[in-house]
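Report on the structure
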Amino acid sequence: MTAVETLPDYLRPGLDIVLVGLNPSIPSAQTGRYFANPRNRFWRAFNAAGLVPEALGPESDYRMLDFGIGMTDVVKRPTAGVGDLTAADFRDGAADLRERLLAASPRIVSFHGVTAAAQYRRHAGGSRDRVALGLQEWRIGESAVFVTPNPSPANASFSLEALTAWYSRLKELRDRLKSA
């Protein structure tokens, strides 16, 4: 495989939500766009949940910032699959991500998948406690932590409707925290 660039971080202070993936896919890194694999269900579920007022896709991923939503990954190294990631990738990536998230201090950090959240928590927080879907009891700085199913085509155990329902729960949490 030739060297592939990684995805940019869409982060800044004052965001409502930062969406955190495990690591970029090769198609996403090659295009420089989040969730560029047409089989990935993220954009369809995200748009159906109404988290932003207009439909977005990989070609307009940078516009997420216009709506108070950032994007990044636990590990910035693109791979064909999670099996290609090493313990060092997670250790280094989680420590770096922790610093970026503390600097941005969003209302909510939302991980795409239990694996992403668990690897972050293990390597950045030193906890091997079980991670489940939904709102977590632990925080990252002042940020609430939420976990949705991973929308990857490799995670076929969740339907598009189920993914949409989880992003709808994330929207409800965001709206509740903004009005508090």
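Presented here is a report on the structure given in the accompanying data block. Within every chain, residues take consecutive numbers counted from 1 along the sequence as written. Residue-level local features of this predicted model are given only where pLDDT is at least 70; pairs of side-chain atoms are given and counted only at 80 or more, and the full residue set underlies all totals for whole chains, interfaces and linings. As a rule here, side-chain values cover all heavy atoms of the structure and leave hydrogens and water aside.

Moving on, we come to the overall build of the chain. Along the chain, the regular secondary structure elements total five helices and five strands. The helix and strand sequence of the chain, counted from the amino end, reads β-α-α-β-α-β-α-β-β-α. As defined in this context, the radius of gyration uses C-alpha atoms, and a globule is described by 2.2 Å times the residue total to the power 0.38. Expected size for 180 residues packed as a compact globule is a radius of gyration near 16 Å; at 15 Å, the chain falls within 12% of this value. Taking as baseline every contact in the chain between residues at least 6 positions apart, the subset at least 24 positions apart corresponds to 69%. Areas reported as accessible are Shrake-Rupley estimates using a 1.4 Å probe. Residue values count occlusion only from the protein chains shown. Element-wise, carbon and sulfur atoms account for 50% of the exposed surface of the chain, whose accessible area totals about 8500 Å². In this charge count, Lys and Arg are treated as positive and Asp and Glu as negative; neither His nor the chain ends contribute. To locate a charge, take NZ of a lysine, CZ of an arginine, CG of an aspartate or CD of a glutamate. One finds the centroid of the 22 positive side-chain charges in the chain at a distance of 4 Å from the centroid of its 19 negative side-chain charges. Every helix listed is a DSSP run of H or I at least four residues long, and every strand listed is a run of E at least two residues long, numbered separately from the N terminus. Working rule for contacts: check all heavy atoms of both residues, and any pair within 4.5 Å makes them a contact.

A few words now on helix α3 (residues 87-104). Between the first and last residue of a helix there are one fewer steps than residues, each counted as 1.5 Å, and that sum is the expected span. Here α3 is 18 residues long and its end C-alpha atoms lie 25 Å apart, about the 26 Å a rise of 1.5 Å per residue gives. For each residue, the accessible area found with a 1.4 Å probe, counting protein chains only, is set against the maximum for its type, and the residue is called buried under 20%, exposed over 50%, and partly exposed in between. All buried positions along α3 are accounted for by Asp89, Phe90, Gly93, Ala94, Leu97, Arg100, Leu101 and Ala104. The buried residues of α3 occupy an angular sector of 135 degrees when the element is viewed end-on, so they sit on one face. Looking at the buried residues of α3, the elements they touch are β1 (17-21), β2 (69-73), β3 (108-112), α4 (114-125) and β4 (134-140). Each C-beta atom gives one direction from the helix axis, and the arc is the one those directions make.

Here we take up α4. Residues Ala116, Ala117, Gln119, Tyr120 and Arg121 constitute the buried set of α4. Looking at the buried positions of α4, the neighbouring elements they touch are β1, α3, β3, β4 and β5 (143-148). The first or second residue beyond α4 is glycine 126, which carries a positive phi of 75 degrees.

Moving on to the layout of surface pockets. Roughly 650 Å³ of volume is contained in the largest pocket. In the cavity and pocket records, a cavity denotes points on a 1 Å grid over the protein atoms alone where a 1.4 Å probe fits but cannot get out, a pocket denotes an open set with protein on both sides within 12 Å along at least 5 of 7 lines, and lining residues are residues with an atom within 4 Å of a point. Around the largest pocket sit 31 residues that line it, and Asn23, Ser25, Asn40, Asn150 and Ser152 are the ones nearest its centre. In this classification, the charged set is Asp, Glu, Lys and Arg, the nonpolar set is Ala, Val, Leu, Ile, Met, Phe, Trp, Tyr, Cys and Pro, and all remaining amino acids, among them Gly, are polar. Partitioning the lining of the largest pocket into residue classes produces 14 nonpolar, 15 polar and two charged. Grid points are joined across faces, edges and corners, and a volume is the space filled by probe spheres set on the points.

The next subject is the packing of α3 against α4. Axis geometry follows a simple rule: fit a line to the C-alpha atoms, using only the stretch in contact for helices, then measure angles between N-to-C directions, giving values from 0 to 180 degrees. Packing of α3 against α4 brings their axes to within 8 Å, and their N-to-C directions diverge by 80 degrees. Of the possible angle classes, the one that applies to α3 and α4 is roughly perpendicular. Only Gln119, Tyr120, His123 and Ala124 of α4 make contact with α3, whose side of the interface consists of Ala87, Phe90, Arg91, Ala94, Leu97, Arg98 and Leu101. Taken together, the residues that form the contact of α3 with α4 break down as seven nonpolar, two polar and two charged. Should an angle lie under 35 degrees it is considered roughly parallel, over 145 roughly antiparallel, and from 65 to 115 roughly perpendicular; all remaining angles are considered oblique.

On to the sheet that holds β2, then. Each pair of strands is called paired provided DSSP finds at least two bridges between the two strands. Across the sheet, five strands lie side by side as β2-β1-β3-β5-β4; this open sheet has mixed pairing. Whereas interior strands pair on both sides, the edge strands pair on one side only; in this sheet they are β2 and β4. Taking each pair of neighbouring strands and ignoring which way they run, the sheet shows an average axis angle of 25 degrees. Bridging between β1 and β2 involves five bridges; their strand directions are parallel. Paired with valine 18 across the strands is glycine 70, a residue of β2.

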